[in-house]
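What follows is the residue order along each chain.
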Amino acid sequence: MIQLVRGFKDILPEETPRWQHIEKTVRTLFEDFGFREIRPPILEKTELFKRSIGEDTDIVEKEMYSFEDRNGDSLTLRPEATASVVRSYIQHKMYAADPVQKMYTIGPMFRRERPQKGRYRQFYQINAEVFGIESPLIDAQLIFMLVNLFSRLSVTGIRVHMNSLGCPGCRPDFKKNLSDFLALKKQLLCENCGRRIGRNPMRALDCKVPSCREAVSEAPSILHSLCSNCRSHFEAVSRMLEQQGVGFEVDKRLVRGLDYYTRTTFEIQTGELGAQSAVAGGGRYDGLVEALGGPSQPAIGFAVGFDRLLEILPAKDKNRDAGPEIFVAALGDESVIKAYLWATDLSVAGISSEIDLTGRSLKSLMKRADRLNAAHVLIVGEDELKKGEAILRNMKTKEQYLISVNGIVENIRNIICQ
Ligand code: AMP
(Lines give C-alpha, C1' and ligand atoms only; values in the text may rest on other atoms or scores of the structure.)
Protein backbone atom coordinates (compact mmCIF):
# COMPACT_ATOMS: atom_id res chain seq x y z
CA MET A 1 0.00 0.00 0.00
CA ILE A 2 1.32 3.43 -0.89
CA GLN A 3 1.43 5.70 2.16
CA LEU A 4 1.83 9.44 2.25
CA VAL A 5 5.24 11.08 2.30
CA ARG A 6 6.83 11.49 5.75
CA GLY A 7 6.10 14.90 7.25
CA PHE A 8 3.04 15.37 5.00
CA LYS A 9 -0.54 14.78 6.11
CA ASP A 10 -4.10 14.51 4.92
CA ILE A 11 -6.62 16.98 6.24
CA LEU A 12 -9.61 14.71 6.57
CA PRO A 13 -13.29 15.62 5.98
CA GLU A 14 -14.00 15.65 9.73
CA GLU A 15 -11.18 18.17 10.19
CA THR A 16 -11.96 20.58 7.36
CA PRO A 17 -14.85 22.38 9.13
CA ARG A 18 -12.29 23.72 11.64
CA TRP A 19 -10.01 24.82 8.82
CA GLN A 20 -12.90 26.55 7.10
CA HIS A 21 -13.94 28.22 10.34
CA ILE A 22 -10.47 29.75 10.70
CA GLU A 23 -10.29 30.72 7.04
CA LYS A 24 -13.66 32.43 7.23
CA THR A 25 -12.68 34.34 10.36
CA VAL A 26 -9.37 35.41 8.77
CA ARG A 27 -10.98 36.61 5.55
CA THR A 28 -13.66 38.62 7.34
CA LEU A 29 -11.21 40.19 9.77
CA PHE A 30 -8.50 41.03 7.24
CA GLU A 31 -10.99 42.43 4.75
CA ASP A 32 -12.47 44.56 7.54
CA PHE A 33 -8.96 45.98 7.96
CA GLY A 34 -8.62 46.78 4.25
CA PHE A 35 -6.63 43.76 3.04
CA ARG A 36 -7.28 42.05 -0.29
CA GLU A 37 -6.44 38.48 -1.11
CA ILE A 38 -3.56 37.52 -3.40
CA ARG A 39 -2.87 33.94 -4.51
CA PRO A 40 0.69 33.51 -5.75
CA PRO A 41 1.83 30.13 -7.14
CA ILE A 42 3.49 27.60 -4.85
CA LEU A 43 6.43 27.09 -7.20
CA GLU A 44 9.01 29.82 -7.76
CA LYS A 45 12.54 30.16 -9.06
CA THR A 46 14.99 29.02 -6.37
CA GLU A 47 16.87 32.28 -6.72
CA LEU A 48 13.91 34.21 -5.28
CA PHE A 49 14.17 32.43 -1.93
CA LYS A 50 17.96 32.49 -1.87
CA ARG A 51 17.91 36.24 -2.25
CA SER A 52 15.00 37.02 0.05
CA ILE A 53 15.39 34.54 2.88
CA GLY A 54 19.18 34.51 2.60
CA GLU A 55 21.84 31.88 1.92
CA ASP A 56 22.90 31.74 5.57
CA THR A 57 19.61 30.43 6.89
CA ASP A 58 18.51 26.91 7.80
CA ILE A 59 15.69 27.17 5.28
CA VAL A 60 17.94 27.88 2.31
CA GLU A 61 20.87 25.79 3.48
CA LYS A 62 18.98 22.57 4.07
CA GLU A 63 15.19 22.74 4.08
CA MET A 64 14.04 23.70 0.60
CA TYR A 65 12.36 21.29 -1.79
CA SER A 66 14.29 22.33 -4.87
CA PHE A 67 14.60 20.50 -8.16
CA GLU A 68 15.78 21.09 -11.64
CA ASP A 69 13.06 21.60 -14.21
CA ARG A 70 13.37 19.82 -17.57
CA ASN A 71 14.89 22.95 -19.09
CA GLY A 72 17.50 23.23 -16.37
CA ASP A 73 15.86 25.98 -14.25
CA SER A 74 16.15 25.45 -10.52
CA LEU A 75 12.68 25.64 -9.00
CA THR A 76 11.54 25.47 -5.37
CA LEU A 77 8.30 24.71 -3.58
CA ARG A 78 7.82 27.87 -1.56
CA PRO A 79 9.04 27.63 2.05
CA GLU A 80 7.24 30.89 2.90
CA ALA A 81 4.97 33.39 1.17
CA THR A 82 6.50 36.83 1.66
CA ALA A 83 9.06 36.42 -1.13
CA SER A 84 6.33 35.55 -3.64
CA VAL A 85 4.13 38.45 -2.60
CA VAL A 86 7.08 40.85 -2.92
CA ARG A 87 7.95 39.39 -6.33
CA SER A 88 4.37 39.88 -7.41
CA TYR A 89 4.26 43.48 -6.10
CA ILE A 90 7.34 44.24 -8.21
CA GLN A 91 6.50 42.17 -11.28
CA HIS A 92 3.02 43.65 -11.68
CA LYS A 93 4.26 47.15 -10.81
CA MET A 94 1.56 47.43 -8.18
CA TYR A 95 3.51 50.32 -6.66
CA ALA A 96 2.93 52.41 -9.82
CA ALA A 97 -0.84 52.40 -9.31
CA ASP A 98 -0.49 52.89 -5.55
CA PRO A 99 2.60 52.15 -3.47
CA VAL A 100 0.31 51.28 -0.57
CA GLN A 101 -0.92 47.72 -0.97
CA LYS A 102 -2.36 45.54 1.78
CA MET A 103 -2.56 41.88 0.85
CA TYR A 104 -3.16 38.55 2.50
CA THR A 105 -2.80 34.98 1.40
CA ILE A 106 -3.53 31.55 2.88
CA GLY A 107 -1.87 28.38 1.67
CA PRO A 108 0.68 25.58 1.98
CA MET A 109 4.41 26.03 2.56
CA PHE A 110 7.12 23.37 2.27
CA ARG A 111 10.20 22.90 4.43
CA ARG A 112 12.19 19.72 4.82
CA GLU A 113 12.50 19.97 8.60
CA ARG A 114 12.62 17.06 11.02
CA PRO A 115 8.93 16.13 11.41
CA GLN A 116 7.55 16.26 14.94
CA LYS A 117 4.43 17.52 16.69
CA GLY A 118 3.69 21.03 15.40
CA ARG A 119 6.31 20.75 12.69
CA TYR A 120 5.43 19.39 9.27
CA ARG A 121 7.05 19.37 5.88
CA GLN A 122 3.92 20.70 4.25
CA PHE A 123 2.28 23.15 6.60
CA TYR A 124 -0.08 26.07 6.11
CA GLN A 125 0.32 29.73 6.79
CA ILE A 126 -1.87 32.78 6.88
CA ASN A 127 0.12 35.77 5.64
CA ALA A 128 -0.57 39.48 5.68
CA GLU A 129 1.76 41.99 4.00
CA VAL A 130 1.62 45.77 3.79
CA PHE A 131 3.68 47.80 1.33
CA GLY A 132 4.43 51.48 1.09
CA ILE A 133 3.84 52.62 4.68
CA GLU A 134 6.66 53.73 6.93
CA SER A 135 4.52 55.00 9.79
CA PRO A 136 4.84 53.04 13.05
CA LEU A 137 1.04 53.10 13.20
CA ILE A 138 0.89 50.38 10.58
CA ASP A 139 3.20 48.20 12.71
CA ALA A 140 0.81 48.70 15.61
CA GLN A 141 -2.24 48.06 13.45
CA LEU A 142 -0.83 44.83 12.07
CA ILE A 143 -0.01 43.52 15.54
CA PHE A 144 -3.41 44.65 16.80
CA MET A 145 -5.15 42.84 13.93
CA LEU A 146 -3.15 39.69 14.61
CA VAL A 147 -4.04 39.73 18.30
CA ASN A 148 -7.64 40.37 17.33
CA LEU A 149 -7.59 37.26 15.14
CA PHE A 150 -6.77 35.17 18.20
CA SER A 151 -9.55 36.76 20.23
CA ARG A 152 -12.11 36.29 17.45
CA LEU A 153 -11.15 32.63 17.49
CA SER A 154 -11.47 32.59 21.33
CA VAL A 155 -7.82 31.60 21.69
CA THR A 156 -6.46 32.78 25.02
CA GLY A 157 -3.05 32.63 26.67
CA ILE A 158 -1.01 34.12 23.85
CA ARG A 159 1.93 36.46 24.42
CA VAL A 160 3.26 39.10 22.04
CA HIS A 161 7.05 39.35 21.93
CA MET A 162 8.53 42.36 20.23
CA ASN A 163 11.95 43.73 19.37
CA SER A 164 13.54 46.14 16.93
CA LEU A 165 16.26 45.18 14.47
CA GLY A 166 17.35 48.73 13.75
CA CYS A 167 18.27 49.73 10.21
CA PRO A 168 21.31 49.44 7.93
CA GLY A 169 22.53 52.65 9.61
CA CYS A 170 22.62 51.45 13.21
CA ARG A 171 22.72 47.66 12.96
CA PRO A 172 26.37 47.24 11.86
CA ASP A 173 27.57 48.61 15.21
CA PHE A 174 25.37 46.19 17.05
CA LYS A 175 26.51 43.28 14.87
CA LYS A 176 30.11 44.15 15.62
CA ASN A 177 29.41 44.24 19.38
CA LEU A 178 27.54 40.98 19.15
CA SER A 179 30.29 39.24 17.13
CA ASP A 180 32.85 40.37 19.71
CA PHE A 181 30.63 39.05 22.49
CA LEU A 182 30.03 35.73 20.69
CA ALA A 183 33.72 35.28 19.92
CA LEU A 184 34.30 35.07 23.68
CA LYS A 185 31.61 32.36 23.95
CA LYS A 186 32.63 30.44 20.85
CA GLN A 187 33.15 27.14 22.66
CA LEU A 188 29.45 27.14 23.66
CA LEU A 189 28.07 27.80 20.17
CA CYS A 190 26.74 25.06 17.89
CA GLU A 191 28.53 24.42 14.62
CA ASN A 192 26.14 26.59 12.56
CA CYS A 193 26.31 29.58 14.89
CA GLY A 194 30.08 29.27 15.21
CA ARG A 195 30.37 29.35 11.42
CA ARG A 196 28.00 32.32 11.10
CA ILE A 197 29.64 34.51 13.77
CA GLY A 198 31.35 36.81 11.29
CA ARG A 199 28.67 37.20 8.60
CA ASN A 200 25.46 36.67 10.47
CA PRO A 201 25.95 36.77 14.25
CA MET A 202 22.29 37.64 14.90
CA ARG A 203 21.21 34.11 13.98
CA ALA A 204 22.80 32.91 17.23
CA LEU A 205 20.26 34.94 19.20
CA ASP A 206 17.33 32.76 18.17
CA CYS A 207 19.19 29.46 17.84
CA LYS A 208 17.29 26.75 19.72
CA VAL A 209 20.37 24.68 20.69
CA PRO A 210 20.56 24.79 24.54
CA SER A 211 24.25 25.72 24.71
CA CYS A 212 23.67 28.59 22.25
CA ARG A 213 20.78 29.79 24.39
CA GLU A 214 23.08 29.78 27.36
CA ALA A 215 25.81 31.58 25.40
CA VAL A 216 23.51 34.44 24.38
CA SER A 217 21.64 34.88 27.66
CA GLU A 218 23.88 37.83 28.56
CA ALA A 219 24.27 39.13 25.00
CA PRO A 220 23.89 42.87 24.47
CA SER A 221 20.43 44.12 23.47
CA ILE A 222 20.09 45.80 20.11
CA LEU A 223 17.70 48.29 21.67
CA HIS A 224 20.71 50.00 23.25
CA SER A 225 22.30 50.50 19.82
CA LEU A 226 19.34 51.95 17.91
CA CYS A 227 19.73 55.26 16.11
CA SER A 228 17.31 57.96 17.14
CA ASN A 229 14.91 57.33 14.20
CA CYS A 230 14.72 53.62 14.92
CA ARG A 231 14.32 54.27 18.64
CA SER A 232 11.45 56.68 18.12
CA HIS A 233 9.81 54.27 15.65
CA PHE A 234 9.97 51.48 18.24
CA GLU A 235 8.66 53.77 20.97
CA ALA A 236 5.76 54.91 18.79
CA VAL A 237 4.74 51.31 18.06
CA SER A 238 4.94 50.47 21.77
CA ARG A 239 2.95 53.53 22.79
CA MET A 240 0.15 52.83 20.32
CA LEU A 241 -0.08 49.18 21.37
CA GLU A 242 -0.31 50.28 25.00
CA GLN A 243 -3.01 52.76 24.09
CA GLN A 244 -4.93 50.01 22.29
CA GLY A 245 -4.60 47.69 25.25
CA VAL A 246 -2.31 45.15 23.55
CA GLY A 247 0.11 43.71 26.08
CA PHE A 248 3.59 42.78 24.84
CA GLU A 249 7.02 41.83 26.11
CA VAL A 250 10.21 43.31 24.75
CA ASP A 251 12.38 40.34 23.77
CA LYS A 252 15.98 41.09 22.90
CA ARG A 253 16.48 37.59 21.48
CA LEU A 254 13.88 38.04 18.78
CA VAL A 255 15.73 38.58 15.51
CA ARG A 256 15.75 37.93 11.83
CA GLY A 257 19.28 37.63 10.66
CA LEU A 258 19.09 39.34 7.30
CA ASP A 259 19.80 42.87 6.27
CA TYR A 260 16.42 43.29 4.56
CA TYR A 261 14.65 42.96 7.88
CA THR A 262 14.46 46.22 9.74
CA ARG A 263 12.95 47.76 12.83
CA THR A 264 9.88 46.12 14.35
CA THR A 265 9.94 42.35 14.65
CA PHE A 266 7.40 40.32 16.62
CA GLU A 267 6.25 36.85 17.47
CA ILE A 268 3.13 35.40 19.06
CA GLN A 269 3.88 32.63 21.51
CA THR A 270 1.69 30.25 23.43
CA GLY A 271 2.40 27.96 26.34
CA GLU A 272 0.20 25.23 24.87
CA LEU A 273 2.40 23.90 22.10
CA GLY A 274 5.41 22.53 23.95
CA ALA A 275 8.67 23.12 22.11
CA GLN A 276 7.03 24.73 19.07
CA SER A 277 5.78 27.75 21.01
CA ALA A 278 5.67 30.25 18.13
CA VAL A 279 2.29 30.43 16.51
CA ALA A 280 2.96 33.54 14.41
CA GLY A 281 5.87 35.76 13.50
CA GLY A 282 6.50 38.87 11.49
CA GLY A 283 8.15 42.18 11.11
CA ARG A 284 9.38 44.95 8.86
CA TYR A 285 11.43 44.27 5.77
CA ASP A 286 12.01 47.76 4.48
CA GLY A 287 14.95 46.70 2.28
CA LEU A 288 13.48 43.66 0.55
CA VAL A 289 11.46 45.23 -2.26
CA GLU A 290 14.53 47.08 -3.44
CA ALA A 291 16.82 44.07 -2.95
CA LEU A 292 14.56 42.05 -5.26
CA GLY A 293 14.77 44.67 -7.99
CA GLY A 294 11.82 46.93 -7.13
CA PRO A 295 11.70 50.55 -6.00
CA SER A 296 12.66 51.43 -2.44
CA GLN A 297 9.40 50.84 -0.56
CA PRO A 298 8.93 50.01 3.10
CA ALA A 299 7.03 46.84 3.96
CA ILE A 300 5.87 44.81 6.92
CA GLY A 301 4.06 41.52 7.33
CA PHE A 302 3.41 38.42 9.38
CA ALA A 303 2.81 34.70 9.02
CA VAL A 304 0.53 32.66 11.27
CA GLY A 305 1.16 28.91 11.51
CA PHE A 306 -2.26 27.55 10.56
CA ASP A 307 -1.58 24.02 11.86
CA ARG A 308 -0.43 25.37 15.22
CA LEU A 309 -3.37 27.75 15.44
CA LEU A 310 -5.70 24.76 15.02
CA GLU A 311 -4.00 23.01 17.92
CA ILE A 312 -4.81 25.86 20.29
CA LEU A 313 -8.34 26.48 19.10
CA PRO A 314 -10.72 25.95 22.04
CA ALA A 315 -12.42 22.55 22.11
CA LYS A 316 -15.89 23.94 21.40
CA ASP A 317 -14.68 25.21 18.06
CA LYS A 318 -12.87 22.03 17.23
CA ASN A 319 -16.03 20.10 16.38
CA ARG A 320 -17.89 22.28 14.00
CA ASP A 321 -18.92 19.52 11.63
CA ALA A 322 -22.47 20.76 11.08
CA GLY A 323 -23.96 17.80 9.20
CA PRO A 324 -26.77 18.00 6.63
CA GLU A 325 -29.95 19.92 7.32
CA ILE A 326 -32.02 17.03 5.96
CA PHE A 327 -31.09 13.37 5.95
CA VAL A 328 -33.49 11.51 3.67
CA ALA A 329 -34.38 8.01 4.84
CA ALA A 330 -36.46 6.32 2.14
CA LEU A 331 -37.69 2.73 2.45
CA GLY A 332 -38.56 0.68 -0.61
CA ASP A 333 -37.47 1.07 -4.23
CA GLU A 334 -40.31 3.36 -5.27
CA SER A 335 -39.82 5.68 -2.28
CA VAL A 336 -36.09 5.87 -2.93
CA ILE A 337 -36.62 7.09 -6.48
CA LYS A 338 -39.14 9.73 -5.38
CA ALA A 339 -37.03 10.75 -2.40
CA TYR A 340 -33.92 10.97 -4.57
CA LEU A 341 -35.66 13.68 -6.62
CA TRP A 342 -36.77 15.54 -3.48
CA ALA A 343 -33.28 15.41 -2.04
CA THR A 344 -31.92 16.87 -5.26
CA ASP A 345 -34.56 19.61 -5.18
CA LEU A 346 -33.63 20.39 -1.57
CA SER A 347 -29.93 20.74 -2.44
CA VAL A 348 -30.75 22.91 -5.45
CA ALA A 349 -32.89 25.09 -3.19
CA GLY A 350 -29.91 25.58 -0.87
CA ILE A 351 -31.07 23.21 1.88
CA SER A 352 -28.23 20.76 2.45
CA SER A 353 -29.40 17.19 2.09
CA GLU A 354 -28.07 13.68 2.04
CA ILE A 355 -30.06 10.68 0.83
CA ASP A 356 -29.00 7.20 1.76
CA LEU A 357 -28.91 4.94 -1.30
CA THR A 358 -27.61 1.77 0.31
CA GLY A 359 -30.99 0.17 1.07
CA ARG A 360 -30.47 -0.12 4.85
CA SER A 361 -33.15 -0.73 7.46
CA LEU A 362 -34.86 2.23 9.16
CA LYS A 363 -32.91 1.51 12.32
CA SER A 364 -29.55 1.75 10.64
CA LEU A 365 -30.68 4.75 8.59
CA MET A 366 -31.48 6.57 11.83
CA LYS A 367 -28.08 5.60 13.22
CA ARG A 368 -26.35 7.01 10.16
CA ALA A 369 -28.35 10.25 10.43
CA ASP A 370 -27.12 10.54 14.00
CA ARG A 371 -23.54 9.86 13.02
CA LEU A 372 -23.70 12.54 10.31
CA ASN A 373 -25.15 14.97 12.83
CA ALA A 374 -28.18 15.67 10.64
CA ALA A 375 -30.55 18.34 11.92
CA HIS A 376 -33.67 16.61 10.53
CA VAL A 377 -34.57 13.27 9.02
CA LEU A 378 -37.18 12.98 6.28
CA ILE A 379 -38.72 9.52 6.51
CA VAL A 380 -40.61 8.12 3.52
CA GLY A 381 -41.97 4.58 3.47
CA GLU A 382 -44.28 2.89 0.96
CA ASP A 383 -47.33 3.47 3.20
CA GLU A 384 -46.67 7.20 3.62
CA LEU A 385 -46.04 7.54 -0.09
CA LYS A 386 -49.44 6.02 -0.91
CA LYS A 387 -51.06 8.70 1.26
CA GLY A 388 -48.92 11.42 -0.33
CA GLU A 389 -47.18 12.10 2.99
CA ALA A 390 -43.77 11.98 4.63
CA ILE A 391 -42.49 12.38 8.18
CA LEU A 392 -40.03 15.10 9.12
CA ARG A 393 -38.25 14.45 12.41
CA ASN A 394 -36.28 17.10 14.30
CA MET A 395 -33.28 15.21 15.63
CA LYS A 396 -32.69 17.60 18.50
CA THR A 397 -36.22 18.07 19.91
CA LYS A 398 -37.44 14.65 18.60
CA GLU A 399 -40.61 16.39 17.34
CA GLN A 400 -42.20 14.79 14.26
CA TYR A 401 -44.33 16.46 11.59
CA LEU A 402 -46.49 14.83 9.00
CA ILE A 403 -46.02 16.79 5.79
CA SER A 404 -47.57 16.62 2.35
CA VAL A 405 -45.28 15.58 -0.52
CA ASN A 406 -46.99 18.17 -2.69
CA GLY A 407 -44.61 21.14 -2.69
CA ILE A 408 -42.36 19.19 -0.33
CA VAL A 409 -39.38 21.60 -0.50
CA GLU A 410 -41.52 24.54 0.61
CA ASN A 411 -43.26 22.44 3.26
CA ILE A 412 -39.89 21.47 4.69
CA ARG A 413 -38.58 25.00 4.48
CA ASN A 414 -41.60 26.30 6.41
CA ILE A 415 -40.91 23.89 9.26
CA ILE A 416 -37.14 24.20 9.50
CA CYS A 417 -37.21 27.99 9.26
CA GLN A 418 -39.74 28.35 12.11
P1 AMP B 1 8.33 31.60 9.87
O2 AMP B 1 7.95 31.76 8.43
O3 AMP B 1 9.46 30.62 10.07
O4 AMP B 1 8.51 32.91 10.60
O5 AMP B 1 7.10 30.87 10.57
C6 AMP B 1 5.89 31.51 10.83
C7 AMP B 1 4.99 30.55 11.56
O8 AMP B 1 4.74 29.40 10.75
C9 AMP B 1 5.62 29.97 12.82
O10 AMP B 1 5.38 30.82 13.89
C11 AMP B 1 4.91 28.65 12.96
O12 AMP B 1 3.69 28.82 13.63
C13 AMP B 1 4.64 28.23 11.53
N14 AMP B 1 5.61 27.21 11.08
C15 AMP B 1 6.86 27.40 10.64
N16 AMP B 1 7.43 26.24 10.27
C17 AMP B 1 6.50 25.27 10.48
C18 AMP B 1 6.47 23.85 10.28
N19 AMP B 1 7.49 23.18 9.78
N20 AMP B 1 5.33 23.19 10.61
C21 AMP B 1 4.26 23.85 11.09
N22 AMP B 1 4.24 25.19 11.30
C23 AMP B 1 5.33 25.89 10.98
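The structure displayed is predicted, hence computed values, not measured ones.

Asker: Just to check I follow, could you spell out the sheet that holds strand S2 (residues 43-45) for this structure?
Answerer: Sheets are built from strands paired through backbone hydrogen bonds, the pairs being either parallel or antiparallel. Taken in spatial order, the three strands line up as S2-S4-S3 in an open sheet, and their pairing is antiparallel. Of all the strands in the sheet, just S2 and strand S3 (65-68) have a single pairing partner and so form its edges. The mean angle between the axes of side-by-side strands here comes to 35°, regardless of whether they run parallel or antiparallel. Bridge count for S3 against strand S4 (residues 74-77) is four bridges, and the pairing is antiparallel. Bridge pairing links Glu68 to Ser74 in S4. Packing of helix H2 (residues 46-53) onto the sheet brings it into contact with S2, S3 and S4, and relative to S2 it is tilted by some 75°.

Asker: Would you mind going over the pattern of salt bridges with me for this structure?
Answerer: A side chain of one charge can pair with a side chain of the opposite charge when the charged atoms of the two come close. On inspection of all chains with the given rule, the structure shows 20 salt bridges. Close ionic contact of Lys62 with Asp58 constitutes a salt bridge, the shortest N to O distance being 3.8 Å. A residue pair is termed a helical-turn pair when its members lie 3 or 4 positions apart in one helix, as Lys62 and Asp58 do in helix H3 (residues 58-63) at four residues. Of the residues examined, Asp58 reaches a relative accessible area of 24% and is grouped as partly exposed. Between Glu113 and Arg119 there is a salt bridge, with the nearest N and O atoms lying 3.2 Å from each other. Arg119 gets classed as partly exposed once you look at its relative accessible area, which sits at 22%. Through salt bridges with shared partners, a single ionic network connects Asp58, Glu61, Lys62, Arg195 and Arg196.

Asker: Looking at this model, I keep getting lost on the packing of helix H6 (residues 136-152) against helix H10 (residues 228-243). Mind explaining?
Answerer: Two numbers describe a pair of packed helices, the interaxial angle and the distance between the axes. Viewed as axis vectors pointing N to C, H6 and H10 meet at an angle of 40°, and their least axial separation amounts to 8 Å. Put simply, H6 runs oblique to H10. In terms of crossing hand, the pair formed by H6 and H10 is right-handed. In contact with Pro136, Leu137, Asp139, Ala140, Ile143 and Phe144 of H6, H10 contributes His233, Ala236, Val237, Met240 and Leu241. Of the residues assigned to the contact of H6 with H10, the class counts are nine nonpolar, one polar and one charged.

Asker: Even after reading the chapter, I still don't get the packing of helix H1 (residues 16-32) against H6, so can you show me in this structure?
Answerer: Between H1 and H6, the least distance of the axes is 10 Å, while the angle of their chain directions is 145°. Read as a crossing pair, H1 and H6 show a hand that is right-handed. In this structure, H1 contributes Thr25, Val26, Thr28, Leu29, Phe30 and Asp32 to the contact, and H6 contributes Met145, Asn148, Leu149 and Arg152. The residue makeup of the contact of H1 with H6, split by class, is five nonpolar, three polar and two charged.

Asker: Honestly, a nonpolar patch on the surface in this entry has me stumped. Any pointers?
Answerer: On the surface, a cluster of nonpolar side chains totalling about 230 Å² of accessible area is made up of Ile42, Leu43 and Phe67. Structurally, the position occupied by Leu43 is in strand S2.

Analysis parameters
- Residues numbered from 1 in each chain as written.
- Predicted model: local features only at pLDDT ≥ 70, side-chain atom pairs only at ≥ 80, totals over all residues.
- Heavy atoms only, no water.
- Pairing = 2+ DSSP bridges.
- Helix = DSSP H or I, 4+ residues; strand = E, 2+ residues; numbered from the N terminus.
- Axes fitted to C-alpha atoms, helices over the stretch in contact; angles between N-to-C directions.
- Contact = heavy atoms within 4.5 Å.
- Salt bridge = Lys/Arg side-chain N within 4 Å of Asp/Glu carboxyl O.
- Buried < 20%, exposed > 50% of the residue type's maximum accessible area, 1.4 Å probe, protein only.
- Parallel < 35°, antiparallel > 145°, perpendicular 65-115°, else oblique.
- Left-handed = near helix turned anticlockwise from the far one by under 90°.
- Nonpolar A, V, L, I, M, F, W, Y, C, P; charged D, E, K, R; others polar.
- Patch = residues over 30% accessible without salt bridge, like charges linked within 9 Å, V, L, I, M, F, W, Y side chains within 5 Å.
- Areas by Shrake-Rupley, 256 points an atom, 1.4 Å probe, with all protein chains shown as cover.

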